[in-house]
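Okay, here's what each chain looks like letter by letter:
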Amino acid sequence: MRQRIFVVDDDEKITSLLRRSLAFEGYEVTIANDGQEGLKLMGQSDPDLLILDVMMPQMDGWEVCRRVREAGSGVPVLMLTAMDDVQDRVKGLDLGADDYLVKPFALEELLARVRALLRRKPDRQETDGRLQFEDMTLDLDSREAIRGGRRIDLTAKEFDLLHLFMQNPRRVLTRDSIMDKIWGYDYSGESNVLEVYIAMLRQKTEDGTAKRLIQTVRGTGYVLRGEGG
């Protein structure tokens, strides 16, 4: 699965350059043109890296970085700024940024910084062979789900499907992308095999009382998130 990078910058020349260059390197790139839009996108998905401009209207990069860290996100943050001042760099690092790059920058240097930050980032939410989302734990060794202390036996395909969701929390997965990743080839458009497996997963993980975590996004696919988002 491609690593996801969010770029938050109001300079269209910069965002266009980074979109093309990062995509060419194999990354999945999402662009936001201001800090508020960037925070909204962060709330909907969990990127592997955040590239954040300092000087933006309405909400600057320092404030975005502060809010991201206050929300408990450990996503690596690379700050971009036109101000080559030690105090500005210290401010960004104190707010939780991982690295700092002054504009104008060489593209090769930015790509090197990106690679270095992604190497330092551990697998998202995966610790000691487990994935965690809210009160659900997926044990990668025993291939079981555990929710509220209750162990849930899963078939091979059920496990693979839940594993995919828990690797991509709060990220909407299209029906086609799920079919491709789990079954490996295209089923007929009339096939309801995915819907059947979603129903079985819900039955096992909800047990009639627990809140729903696998939500339907009508016309698109499915997403793992709490009912409140």
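Keep in mind it's a predicted model, so treat the numbers as computed, not measured.

Asker: So what exactly am I meant to see when it comes to the overall build of the protein chain here?
Answerer: Helix and strand counts for the protein chain stand at eight helices and 13 strands. Considering the protein chain as a whole, with its 229 residues, one finds that 45% of them fall into the buried category. Put simply, 56% of the contacts in the protein chain that link residues at least 6 apart link residues at least 24 apart. Looking at the protein chain as shown, the accessible area adds up to about 11900 Å², and 46% of this sits on carbon and sulfur atoms.

Asker: For this particular structure, what's the right way to read the pairing of strand β4 (residues 77-81)?
Answerer: Along a regular strand, successive side chains alternate from one face of the sheet to the other. In terms of burial, β4 is a largely internal element, five of the five residues being buried. What you see with β4 is no split at all: Val77, Met79 and Thr81 on one side and Leu78 and Leu80 on the other are buried throughout. Pairing geometry for strand β3 (residues 49-53) and β4, over four bridges, is parallel. Counted as the bridge partner of Leu52 is Met79 from β4. Relative to strand β5 (residues 99-102), β4 runs parallel, the two being bridged by four bridges. Within the sheet, the bridge partner assigned to Leu80 lies in β5 and is Leu101.

Asker: Mind showing me how you'd approach the confidence of the model for the protein chain here?
Answerer: Any residue range with low pLDDT should be treated as having predicted coordinates unsuitable for detailed reading. Residues with a pLDDT of 70 or more make up 90% of the protein chain, whose mean pLDDT is 84. Confidence over residues 122-127 falls short of pLDDT 50; this stretch has 16 contacts with residues more than four positions distant or in other chains.

Asker: In this structure, what is going on with the sheet that holds strand β1 (residues 4-8)? I would like to understand it.
Answerer: Pairing between the strands of a sheet comes from backbone hydrogen bonds, and it takes one of two forms, parallel or antiparallel. Here we have five strands laid out as an open sheet, ordered β2-β1-β3-β4-β5, and parallel in their pairing. The sheet is open, and its two borders are formed by β2 (28-32) and β5, each paired with just one other strand. Each strand axis lies, on average, 20° off the axis of its neighbour in the sheet, ignoring direction. Sheet strands in contact with helix α2 (residues 35-44) are β1, β2 and β3, and its direction is about 135° off that of β2.

Asker: Any chance you could explain the UniProt feature "modified residue: 4-aspartylphosphate" (unreviewed entry) in the protein chain here in plain terms?
Answerer: When the UniProt feature table is mapped onto this chain, "modified residue: 4-aspartylphosphate" (unreviewed entry) is found at Asp53. If we ignore the near neighbours within four places in the chain, the residues touching Asp53 are Val8, Asp9, Asp10, Gly61, Leu80, Thr81 and Lys103.

Procedures and definitions
Residues numbered from 1 in each chain as written. Predicted model: local features only at pLDDT ≥ 70, side-chain atom pairs only at ≥ 80, totals over all residues. Heavy atoms only, no water. Helix = DSSP H or I, 4+ residues; strand = E, 2+ residues; numbered from the N terminus. Buried < 20%, exposed > 50% of the residue type's maximum accessible area, 1.4 Å probe, protein only. Contact = heavy atoms within 4.5 Å. Areas by Shrake-Rupley, 256 points an atom, 1.4 Å probe, with all protein chains shown as cover. Pairing = 2+ DSSP bridges. pLDDT = per-residue confidence, 0-100. Axes fitted to C-alpha atoms, helices over the stretch in contact; angles between N-to-C directions. UniProt positions renumbered as here; feature names shortened; annotations may be inferred.

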